[in-house]
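Reading the structure
Residue strings, one per chain:
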Amino acid sequence: MEREAPTSAGAAPGAPSREETLAWLAADDPASEEALFRRAYEVKVAHIGRTVNLRGIVEFSNICSKNCYYCGIRRDNRATNRYQMTVGEILECARWAHEAGYGSVVLQAGERSDARFIAFVEEAVSGIKGIAGGAVGVTLSLGEQSEETYRRWFAAGAHRYLLRIEASNPALYARLHPGDHSWEERVECLRRLRRVGYQVGTGVMIGIPGQTLDDLAGDVLFYRELDVDMVGMGPYVVHHEAPLRERETALDGPARLRLALRMIAATRLALPDINIAAATALQSLHPEGREMGIRAGANIIMPNVTPTKYRAQYQLYDGKPCLDENAAMCRGCLARRIEGIGETIALNSWGDSRRFARRAKEEGSRPGGA
Ligand code: SAH
Ligand code: SF4
């Protein structure tokens with residue numbers, strides 16, 4: 001049976017209940033899925049238009065102090081060569097992204113919080129803001145940090161931050177991470193980022209061992225509860241050196257891909273005006289995975305602009321796509337794919353979260369609001 005999803009495209013659907021969200025996620029017959037994707041896409045078009053924004057992602061280091069059980073660049077994986085790009089190399093990538101009209105870059109890396117790293121990132125962000133009079137937007141995805149560090153990087157010019165909660169259910173989070181990781185601290189980091197002034201993004205992996213549909217419905221509710229500006233989600237993909245490989249995911253590749261698409265659609269219906277990224281991991285399960293993500297309600301794609309020589313070492317999961325292509329090749333291929341689904345790339349724009357702008361306006365018009 002086809003699930004009831006909001007029908008009037010422009011109207012905010014209110015807060016879908018846990019049951020309603022769960023029903024969307026559970027309805028895996030093709031007709032229900034198609035109806036869900038179509039409605040989520042209509043909501044995306046009504047709130048954002050037929051446009052996709054790009055962020056050139058620079059994976060500038062695979063050195064990580066953490067040991068997440070699922071991740072290929074975790075600290076204890078001795079089978080990977082560690083690298084860190086120079087600030088000069090990062091700026092070159094950012095310049096390339098700017099010239100290609102991408103409008104924004106994401107700096108992503110393993111997590112470190114030592115003074116050298118903090119200063120390095122600050123220098124890289126300031127350097128990027130020096131390109132073309134500050135034309136390039138900067139998103140960071142560098143894990144958990146102190147409020148002071150988040151403030152320094154914000155002052156240097158970063159204005160968006162992605163920190164996936166990974167699992168909004170603390171018990172599942174605890175099964176995916178060693179004992180020195182704290183779910184409470186991760187949530188506190190998300191609050192910290194909001195306090196500092198960033199547009200805040202979070203997300204989860206989909207189809208990770210031990211995860212239930214009810215967990216995923218809870219994730220969508222969590223996004224709403226935190227009133228996030230952005231969500232980036234993709235399927236879990238096994239990495240052969242990560243300990244989680246020993247635990248089977250309940251779903252095969254195609255089923256994980258479709259569940260990830262239903263999650264994108266459910267998130268769009270629950271949060272109509274946020275930015276939702278179609279994660280690269282979608283593409284590792286299907287060559288057109290990211291375009292499918294757009295058709296299910298996402299509006300952001302993050303093409304890889306990391307120099308080709310580093311890409312193979314930044315393998316969070318097996319089968320990462322485009323390892324042997326350079327950024328220019330990715331660009332041509334992406335433009336064709338996006339136009340192929342009737343969408344236009346919004347060139348030279350930051351593509352900020354509409355939700356963030358709306359909240360700022362609401363807060364500004366409240367008595368005593370800044
Ligand atoms: N170190 C930072 C940013 C890099 S990791 C951080 O952890 O926040 C970025 C994301 O990659 C993580 O949030 C996680 O959700 C995802 N990831 C890691 N291993 C993965 C895997 N095996 N499959 C799919 N996504 C994975
Ligand atoms: Fe490090 Fe991020 Fe991988 Fe965890 S997910 S091991 S923090 S790179």
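Use the structure listed above.
For the structure given in this document, a descriptive report is provided here.

1. Quick word on the overall build of the protein
The secondary structure content of the protein amounts to 14 helices and 11 strands. Relative to the globule expectation of 21 Å for 370 residues, the C-alpha radius of gyration of the protein, 19 Å, shows essentially globular dimensions. If you line up the protein on its principal axes, its C-alpha atoms span 55 × 50 × 45 Å. Each of the 370 residues in the protein was classed as buried or not, and the buried ones make up 57%. If you take every contact in the protein between residues at least 6 apart in sequence, the share linking residues at least 24 apart comes to 75%. Of the roughly 14700 Å² that the protein leaves accessible, carbon and sulfur atoms contribute 52%. Charge separation in the protein, taken as the distance between the mean sites of 47 positive and 47 negative side-chain charges, equals 3 Å.

2. Digging into the site of ligand 1
Taken together, 18 residues lie near ligand 1, and Y70, A109, R164, E166 and V237 sit nearest. Separating an oxygen atom of ligand 1 from a side-chain N or O atom of E166 is a distance of 2.6 Å. R186 is positioned such that a nitrogen or oxygen atom in its side chain is 3.3 Å from an oxygen atom of ligand 1. Contact with the protein chains covers 92% of the free accessible surface of ligand 1, which is 540 Å². Here the residues of the shell around ligand 1 sort into 10 nonpolar, 4 polar and 4 charged.

3. Considerations on the pattern of salt bridges
Taken as a whole and judged by the stated rule, the model has 29 salt bridges. Between E89 and K309 there is a salt bridge, with its nearest N and O atoms 3.7 Å apart. Remark: K309 occurs in helix α12 (residues 308-311) and E89 occurs in helix α3 (residues 87-99); sequence separation between them is 220 residues. The residue R195 makes a salt bridge to E147 at a minimum N-O spacing of 2.8 Å. With R195 in helix α7 (residues 183-196) and E147 in helix α5 (residues 147-156), this residue pair connects regions lying 48 residues apart in the sequence. The class of E147 is partly exposed, set by a relative accessible area of 22%. One network of salt bridges, with partners in common, ties together R194, D227, D229, D273, R355, R358, R359 and E362.

Conventions adopted
- Residues numbered from 1 in each chain as written.
- Chains lettered and ligands numbered in written order.
- Predicted model: local features only at pLDDT ≥ 70, side-chain atom pairs only at ≥ 80, totals over all residues.
- Heavy atoms only, no water.
- Helix = DSSP H or I, 4+ residues; strand = E, 2+ residues; numbered from the N terminus.
- Rg over C-alpha atoms; globule rule 2.2 N^0.38 Å.
- Buried < 20%, exposed > 50% of the residue type's maximum accessible area, 1.4 Å probe, protein only.
- Contact = heavy atoms within 4.5 Å.
- Areas by Shrake-Rupley, 256 points an atom, 1.4 Å probe, with all protein chains shown as cover.
- Lys, Arg positive; Asp, Glu negative; His and termini not counted.
- Charge placed at Lys NZ, Arg CZ, Asp CG, Glu CD.
- Near = heavy atom within 4 Å.
- Polar contact = N/O pair within 3.5 Å; in protein donor to acceptor, adjacent residues only side chain to side chain.
- Nonpolar A, V, L, I, M, F, W, Y, C, P; charged D, E, K, R; others polar.
- Salt bridge = Lys/Arg side-chain N within 4 Å of Asp/Glu carboxyl O.

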